[in-house]
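Topology and contacts: notes
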Amino acid sequence: MTATIIDGKIIAAEVRAETKQEVEKFVGLYKINPCLAVVLVGENPASQVYVRTKSKMAKEIGMDVEDHIKDTNISEQELIDLISQLNNDKKVNGILVQLPLPEHIDSRVIIDAIDPIKDVDGFHALNVGRNSIGGDLLKKSFVPCTPLGCYLMLKKSIPNLVGMHAVIIGRSNIVGKPMAQLLLEESCTVTTVHSKTKDIEAITKQADILVAAVGRPLIVKANWVKPGAVVIDVGINRVENPEDKSKTMLVGDVDYTDVARIAAAITPVPGGVGPMTIACLLRNTIKAAFSQNQK
Ligand code: NAP
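Let me sum up the structure you'll find in this document. All figures in this text were calculated on a predicted structure; none of them were measured in a lab. (Residues numbered from 1 in each chain as written. Predicted model: local features only at pLDDT ≥ 70, side-chain atom pairs only at ≥ 80, totals over all residues. Heavy atoms only, no water.)

Along the chain, Val120 falls in the loop between α4 (107-113) and α5 (125-133). By relative accessible area, which is 0% here, Val120 ends up buried. Spatially, the C-alpha atom of Val120 lies 9.1 Å from that of Ser141, the residues being 21 residues apart in sequence. The residues touching Val120, leaving out its near neighbours within four places in the chain, are Leu36, Gly94, Ile95, Phe142, Cys145, Leu281, Asn284, Thr285 and Ala288. (Helix = DSSP H or I, 4+ residues; strand = E, 2+ residues; numbered from the N terminus. Buried < 20%, exposed > 50% of the residue type's maximum accessible area, 1.4 Å probe, protein only. Contact = heavy atoms within 4.5 Å.)

Here is the structure:
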């Protein structure tokens, strides 16, 4: 078997095109542009790239973007004050605080300072709770962008997820846990494994759907995977390029070449989950804009 490639670039372009249509509808109805505020603290080069890409893509579909770039020494209270100002600014529909924050700032305090109706990353405790309860509350809340992107990709490969055994490797609040909640909501049988799990391969090998969100380059080999499984690789790991040791390259958590021999479908890295995350951020932002204006 050779796996079908689940192309994140193509699916993300579809999500952005649908979101652009929603933006046009919003502008037609309310005569204002939806607006995303992006907060970046410090000079982490990866974060700077992410923020630039998010801003560029938001502008491309007709959203206004406010960048708030802050010095690494900003105090927690100053950041809370900025969030409070953005919460009260009627023009701002979505607030994204780029993580990680410097060590002297408690990320949980900052995330929970965001008004949940503007929490387009879906990390606020209220949105996490609503996602966990599911049903109508899930529909009204914001689902974190990376798991939402994985979910939309999965639906392209498996329209009916009911009864599938999904195994998630990783239990972070950003990816693993919300991914498990989403698939449980779809009536999958969900198992989450992590660094303390014993005999991990025995569990992953039972998966119809395998989602790897580990942060360990190429840890998932073919002998971890059931033939015919659908494999979603969330990992983004920068490693030395074996063909030119002076250079680096990006790889996922899944050994793509090995696993693609036996899987039914697989996401590549790069070009898989990555583009979906930003597309889902834009999708959440227009959802926020509509819900704040439809009162
Ligand atoms: P994280 O917070 O570090 O969580 C990693 C999880 O993997 C933890 O639950 C950890 O278990 C588990 N783990 C670590 N080593 C393991 C092992 N040897 N066997 C089994 N489980 C193991 O990372 P994250 O934020 O979820 O991100 C995961 C990966 O996805 C990273 O490569 C990150 O760069 C990438 N990512 C990509 C996107 C995107 O847009 N494509 C977005 C977010 C993250 P414990 O809980 O027991 O420590």
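Let's pick the thread back up.
Our next topic: the pattern of salt bridges. Two side chains bearing opposite charge may form a pair once their charged atoms approach each other closely. Counted according to the given criterion, the structure contains twelve salt bridges. One salt bridge in this structure joins Glu60 and Lys56, with 3.2 Å as the shortest N-O distance. Separated by four residues within a single helix, Glu60 and Lys56 lie in helix α2 (residues 45-60), roughly one turn from each other. By relative accessible area, Glu60 is classed as partly exposed at 45%. The shortest N-O distance in the salt bridge between Lys226 and Asp208 comes to 2.8 Å. Taken together, the positions of Lys226 in the loop between β7 (209-212) and β8 (230-233) and Asp208 in the loop between α9 (200-204) and β7 put the pair 18 residues apart, joining distant regions of the chain. Take Lys226: its relative accessible area is 29%, and that puts it in the partly exposed class. (Salt bridge = Lys/Arg side-chain N within 4 Å of Asp/Glu carboxyl O.)

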